[in-house]
Amino acid sequence: MKKIAILNGPNLDRLGKREPEIYGNATLGDLEKALRAEFAPAAKLEFFQSNHEGELIDRIAKLADDGFDGIVINGGALTHTSVALRDALLGARVPAVEVHISNIYKREEFRHTSLTAPACTAVITGLGLEGYHAAVRFLLKA
Ligand code: CA2
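Residues numbered from 1 in each chain as written. Predicted model: local features only at pLDDT ≥ 70, side-chain atom pairs only at ≥ 80, totals over all residues. Heavy atoms only, no water.

What follows is about the nonpolar core. In terms of nonpolar packing, the biggest core is built from 19 residues, with Leu35, Val72, Tyr132 and Val136 touching the most fellow members. Of all the secondary-structure elements, those providing two or more residues to this core are strand 1 (2-8), helix 2 (28-39), strand 2 (43-49), strand 4 (96-100) and helix 5 (130-141). Residue contacts for Val72: discarding those within four places in its chain leaves Ile4, Ala5, Ile6, Leu7, Val97, Val99, Tyr132, Ala135, Val136 and Leu139. If you look at the next biggest cluster of nonpolar residues, it comprises 17 residues, including Ile60, Leu63, Ala88 and Ala92. (Core = buried A, V, L, I, M, F, W, Y, C linked by side-chain atoms within 4.5 Å. Buried < 20%, exposed > 50% of the residue type's maximum accessible area, 1.4 Å probe, protein only. Helix = DSSP H or I, 4+ residues; strand = E, 2+ residues; numbered from the N terminus. Contact = heavy atoms within 4.5 Å.)

Right, let's get into helix 2. With twelve residues, helix 2 extends 16 Å between its outermost C-alpha atoms, agreeing within 8% with the 16 Å of an ideal straight helix rising 1.5 Å per residue. Among all positions of helix 2, only Leu28, Leu31, Leu35 and Phe39 are buried. The buried residues of helix 2 occupy one face: seen down the axis, they fall within an arc of 55 degrees. Facing away from the buried side of helix 2 by more than 90 degrees, the exposed set consists of Lys33 and Ala37. (Expected span 1.5 Å × (residues − 1). Arc of directions from axis to C-beta.)

Within the secondary structure, Val123 sits in strand 5 (residues 122-125). Under the relative-accessibility criterion, Val123 is labelled partly exposed at 38%. Between the C-alpha atom of Val123 and that of Ile73, which follows or precedes it by 50 residues, the distance is 9.5 Å. When neighbours within four sequence positions are excluded, Val123 is seen to be in contact with Glu98, His100 and Ala117.

This part covers the site of the ligand. Contacts to the ligand come from 17 residues, most closely from Asn74, His80, Ile101, Ser102 and Arg111. In this structure, His80 approaches the ligand through a side-chain N or O atom, which is 2.7 Å from an oxygen atom. Between the ligand and Ser102 there is a distance of 2.5 Å, counted from an oxygen atom to a side-chain nitrogen or oxygen. Starting from 510 Å² of accessible surface for the ligand in isolation, the protein chains cover 96%. Along the lines of polarity and charge, the residues of the shell around the ligand split into seven nonpolar, six polar and four charged. (Near = heavy atom within 4 Å. Polar contact = N/O pair within 3.5 Å; in protein donor to acceptor, adjacent residues only side chain to side chain. Areas by Shrake-Rupley, 256 points an atom, 1.4 Å probe, with all protein chains shown as cover. Nonpolar A, V, L, I, M, F, W, Y, C, P; charged D, E, K, R; others polar.)

Turning to the pairing of strand 4, a few remarks are in order. Buried residues dominate strand 4, accounting for five of its five residues. The sheet contact formed by strand 3 (residues 70-74) and strand 4 spans three bridges and is parallel. Bridging across to strand 4, Ile71 finds its partner in Ala96. The handedness of the strand 3 to strand 4 crossover, carried by helix 4 (residues 83-90), is right-handed. Pairing of strand 4 with strand 5 involves four bridges; the strand directions are parallel. Bridge pairing links Val99 to Ile124 in strand 5. (Pairing = 2+ DSSP bridges. Right-handed = clockwise from strand over helix to strand, strands pointing away.)

What follows deals with unusual backbone geometry. The omega torsion of the bond from Ala40 to Pro41 falls at 5 degrees, within 30 degrees of zero and hence cis. Considering the arrangement of structural elements, one finds Pro41 in the loop between helix 2 and strand 2. At Asn11, a position not held by glycine, the phi torsion is positive, near 75 degrees. Topologically, Asn11 is positioned in the loop between strand 1 and helix 1 (20-23). One non-glycine residue, Arg93, adopts positive backbone phi at about 60 degrees.

See below:
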């Protein structure tokens, strides 16, 4: 059975609680339920959210040894700033798909640059939470 890690970065624990006009009304818990409903028991999904860059990096570093086959990552604002997160993904030895709920190219210019995207197989931006489903679907076929 394939194992996929769903990683969410800073402030994504606030999903559904603020800025619904940008990120919608669903919470991270709702996302987890929806993904499990679509993919379990065919795939093993692990969910990890942290507001701390180092915690995300530590988790990424262990994924290959823990037998994971794919990473879905929404790095939040770290996407635009973190060379360290990019380096972690480059060294992960597990394919990653970067997901953004909003279309980062329709937003402020500082969001148009992703430092982490070049370390990923693909990027999905602007599909809302459907982007996570598409990313898992892709990784399960890869
Ligand atoms: O569109 C995305 O998924 C983002 O990765 C979300 C990040 C943002 O910094 C990126 O530019 C694009 C922000 C995550 C904060 O999420 C919140 C959700 C609900 C309420 C408040 C923050």
